[in-house]
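Fold and geometry: a report
Below are the chains, spelled out letter by letter.
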Amino acid sequence: MLKKDEIRRAVRQAIDDVRRTNPMAPSITNTVTINLVANVQLAIGGSAAMVYMPDEGEAISAAGGATYINMGTILSIYTETLARTARALHKMKKPWVLDPVGIGLGSIRMNALKDFKDFPPSIVRGNASEIIALANLWGLETNVDDAGVRGVDSTDTVESARRAAVSLARFIGGAVAVSGATDLVTDGAAVVTVSGGSKFMPMITGAGCSLGGAMAIYACCATPFIAALTSTMMFDFAGRAAEDSDATHGPGSFQVNFLDELYRAGAAEVADMNISVEEAER
Amino acid sequence: MLKKDEIRRAVRQAIDDVRRTNPMAPSITNTVTINLVANVQLAIGGSAAMVYMPDEGEAISAAGGATYINMGTILSIYTETLARTARALHKMKKPWVLDPVGIGLGSIRMNALKDFKDFPPSIVRGNASEIIALANLWGLETNVDDAGVRGVDSTDTVESARRAAVSLARFIGGAVAVSGATDLVTDGAAVVTVSGGSKFMPMITGAGCSLGGAMAIYACCATPFIAALTSTMMFDFAGRAAEDSDATHGPGSFQVNFLDELYRAGAAEVADMNISVEEAER
Amino acid sequence: MLKKDEIRRAVRQAIDDVRRTNPMAPSITNTVTINLVANVQLAIGGSAAMVYMPDEGEAISAAGGATYINMGTILSIYTETLARTARALHKMKKPWVLDPVGIGLGSIRMNALKDFKDFPPSIVRGNASEIIALANLWGLETNVDDAGVRGVDSTDTVESARRAAVSLARFIGGAVAVSGATDLVTDGAAVVTVSGGSKFMPMITGAGCSLGGAMAIYACCATPFIAALTSTMMFDFAGRAAEDSDATHGPGSFQVNFLDELYRAGAAEVADMNISVEEAER
């Protein structure tokens, strides 16, 4: 298990490396927040490219450093695109981030999520209800039933998803990030919790989606665990800074200032945020 | 017919109820303005979820309080999605809002709009040309021919669509809202007109679409008539406030400040706006 | 070849004509930046309408003054939509703008781009790598191999694409615009270079896409060459002004202020920007 100061060093390194190398992370993501995902990826120093077609999913994943798959809106062609892209990523041993938003809804999404068990992502990001639902779908230990997802909203607390997150992280051999008032990131060994963000985060669409997109950018330069944590800390830092800005008067100006703060955030300041590191229970 | 002070009370109640209960209104909506629709729905206190697939349209409509269907961009799968979702809503007797944007264009859109006559929405929102065209398509009395829609723009005045709006509202047993320089909302008995908004409204894409999305949120907590009117008054109020803001210098800053003003608007102030209430002609 | 003062007069005229006549330019464009494309088209005084279906592509192109086709995200239906729309535009002799973003990726995009050789656009806009790749795909003289496109980013300099741009412009009998630190616009006879813009341009998604969308708006009122140049100069002017604004602190506020500056920019000031006009080599 990484020590707190090792974690801070790695987070700082990830932020700097992305800004220095401008890595490209392609996405298959929903049409609601696709623009914000791309703008966040650019604001933190990365490059974005979004596709829908199966051959494009395979080809762009080969060209990118890490891929982001967000299930928010499903198109008919996804029966083919998602399976082929996940398979290609698995074969290439390239990292990818899964955001299982909308889990429980629709046959294409559910079939794809089931299939991903055989070609697992390096990072899973979701709210508490989504993480619990995915762990249950894959038959992992969660100690809790699906509370049910309401549209794209969580009805569970982050803490109630701790067991599911740890089980998922161990199963995929990567990292899991649970978003909420306090955020939790685990690689199955360590459980890190971070606070921050803003009351406006749930009042803009795509805060979660773009957090996942940022994880894919950091995963081009860092381990899944550090990528998930760096993105989470960066969002908590920039969200707090944007809410505190004199120019923020509501969700509209918050989103604008949030993008600015992602761009301006000092790597050292983000890495030095208050975090709690615990050992995951066996 | 509701009296003016009853209307004001109900509008204020709708604004407060949405902010208190955070109702979820799913949408099938166009990809151009889908992000603004969701952000407006969140800014007024609601929750958003967007889908394209037929089984998802049915399932999410069952989970939501009211559904928004906007025809702005058509996908191939919509031949199935729109019909199945409208049918499901009809069977569940759940309210839904139709925005017939693009009426006249393309066979999938036109077939769906024709079919909706048998599974009618609770609220229709559009510009004058769209409302006239839909009433004519359904063979209702309008006293005016289609002037033709230019892309997504109106070539008719709001007043010229009064007869069509009243006919449509009576036919669907709900409410119709016609957007323009002065906005008109009718339930077939009363005709309310409201002024406000901003010269910048037609210079941002999605002012109309997000108005319809807000109607679906308010329709989770209020009658179709009050939902349509509350949304219209809220937009006229926040649009005026955003234009008057010192921070607004053009359409870019207007959109940002508009979202802020939707979030900040006092329920009482919106409900007390200047409105005109007339009895609809027989 | 137009003289510099004739060019300035024509640019000023194009800006004024668009603001006076509010021309409608439909688009088939990617879902990542579709909202920004529409908002830019509205901010400069035009009207936007976006479609995906084949019959809608044909019908809306007939209704619009010029059409914008951007290949950023491909849908299955595009096998039919792109070919039928390009054919219809060719038959109607209506101007259209092609943005071959993503060239090299996926069979649908590549087949469509090959087919466009027989129904060529009036304007091609892209970064240097995209312009070189399209000219090579069509077997035109470029003096340089494809350096390869990285996702949506260029790995070539604008100057290295000069030959390809001139060849392409001559082949299509229209204009080609190459975007970069210095922008280049040619009609095959004259080569105009303009500087300006902002370091933030590559940090927001859709700067290039919306530049192409603006070209389609200006092409409703001006020749392809003047439309491509007006749009380029307008972007360089507004980008510089937005970066210089006291209200710009990062990519989020830059995008907001950029839209404001497009709306506010004086036609005479834009037309009087520093440009260089050279004769293209034979």
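Cut-offs applied
Residues numbered from 1 in each chain as written. Chains lettered and ligands numbered in written order. Predicted model: local features only at pLDDT ≥ 70, side-chain atom pairs only at ≥ 80, totals over all residues. Heavy atoms only, no water. Pairing = 2+ DSSP bridges. Helix = DSSP H or I, 4+ residues; strand = E, 2+ residues; numbered from the N terminus. Axes fitted to C-alpha atoms, helices over the stretch in contact; angles between N-to-C directions. Contact = heavy atoms within 4.5 Å. Parallel < 35°, antiparallel > 145°, perpendicular 65-115°, else oblique. Nonpolar A, V, L, I, M, F, W, Y, C, P; charged D, E, K, R; others polar. Phe/Tyr/Trp six-rings, centres within 6.5 Å; stacked < 30°, edge-to-face > 60°. Buried area = accessible area lost by both parts, 1.4 Å probe. Salt bridge = Lys/Arg side-chain N within 4 Å of Asp/Glu carboxyl O. Least-squares fit on C-alpha atoms with pLDDT ≥ 70 in both.

Regarding the sheet that holds strand β8 (residues 190–195) of chain B
The strands that make up a sheet pair up through hydrogen bonds in the backbone, lying either parallel or antiparallel. All names here are of chain B. In spatial order, the strands read β2-β1-β3-β4-β5-β6-β7-β8-β9; together these nine strands make up an open sheet with mixed pairing. Whereas interior strands pair on both sides, the edge strands pair on one side only; in this sheet they are β2 (47–50) and β9 (275–279). Averaged over all adjacent pairs, the angle separating strand axes in this sheet is 20 degrees, with direction ignored. Direction of pairing for strand β5 (residues 123–127) relative to strand β6 (residues 175–179): parallel, over a ladder of five bridges. Residue Asn 127 lies in a different strand from β6, and its bridge partner there is Ser 179. Along the sheet face, helix α2 (residues 34–43) touches β1 (24–28), β2 and β3 (67–70) and points at about 155 degrees away from the line of β2.

Some thoughts on the packing of helix α10 (residues 251–264) of chain A against helix α10 (residues 251–264) of chain C
Each packed pair of helices is defined by two parameters, the angle between the axes and the distance between the axes. At their nearest, the axes of α10 of chain A and α10 of chain C sit 6 Å apart, and the two run at 135 degrees to each other. Classified by the interaxial angle, the pair formed by α10 of chain A and α10 of chain C is oblique. Here Val 256, Leu 259, Asp 260 and Tyr 263 of chain A of α10 of chain A come into contact with α10 of chain C, specifically with Pro 251, Gly 252, Ser 253 and Val 256 of chain C. By residue class, the composition of the contact of α10 of chain A with α10 of chain C is five nonpolar, two polar and one charged.

Considering the packing of aromatic side chains
In the structure shown here, the tally under the stated rule is 21 aromatic pairs over all chains. Their ring planes at 70 degrees and their centres at 5.3 Å tell us that Phe 200 of chain B and Tyr 263 of chain C sit as a pair that is edge-to-face. You can see Phe 200 of chain B sitting in the loop between β8 and α8 (207–218) and its partner Tyr 263 of chain C sitting in helix α10, one on each of two chains. Both rings, one in Trp 138 of chain C and one in Phe 171 of chain C, keep their centres 5.7 Å apart while their planes meet at 55 degrees; by these two values the pair is tilted. Placement of Trp 138 of chain C in the loop between α6 (128–137) and α7 (162–172) and of Phe 171 of chain C in helix α7 is noted, with a sequence separation of 33 residues between them. One aromatic cluster in this structure is built from Phe 200, Phe 235, Phe 254 and Phe 258 of chain A together with Tyr 263 of chain B.

Thoughts on the interface of chain C and chain A
If you look at the interface, chain C gives 30 residues, while chain A gives 28 residues. For the pairing of chain C and chain A, the buried interface totals around 2200 Å² over both sides, and the portion due to carbon and sulfur atoms is 60%. Here chain C and chain A share one salt bridge between them. Across the salt bridge formed by Arg 109 of chain C and Glu 56 of chain A, the nearest N and O atoms sit 3.3 Å from each other.

Notes on the relation of the copies chain C and chain A
Between the two chain copies there is a screw-like relation: a rotation about an axis and a shift along it. With an axial shift of 0.0 Å and an RMSD of 0.0 Å, the rotation relating chain C to chain A amounts to 120 degrees. The superposition of one copy onto the other is thereby described by a three-fold rotation axis. In terms of proximity to the rotation axis, the leading residue of chain C is Thr 31 of chain C, whose C-alpha is 3.7 Å off the axis. The residues that chain C uses at the interface reappear at the interface of chain A in only 10% of cases, marking distinct surfaces.

Digging into the sheet that holds strand β4 (residues 96–99) of chain C
Residues and elements named next belong to chain C. Taken in spatial order, the nine strands of this open sheet run β2-β1-β3-β4-β5-β6-β7-β8-β9, and their pairing is mixed. Looking at the sheet topology across the chains shown, the edges are occupied by β2 (47–50) and β9 (275–279). Between one strand axis and the next, the sheet turns by 20 degrees as a mean value, whatever way the strands run. In terms of strand pairing, strand β1 (residues 24–28) meets strand β3 (residues 67–70) through two bridges, oriented parallel. Among the inter-strand pairings, Ile 28 is bridged to a residue of β3, identified as Ile 69. Contacting β8 (190–195) and β9, helix α1 (residues 4–21) runs over the sheet at an angle of about 125 degrees to β9. Of the strands in this sheet, β4, β5 (123–127) and β6 (175–179) touch α6, which is tilted by about 130 degrees from β5.

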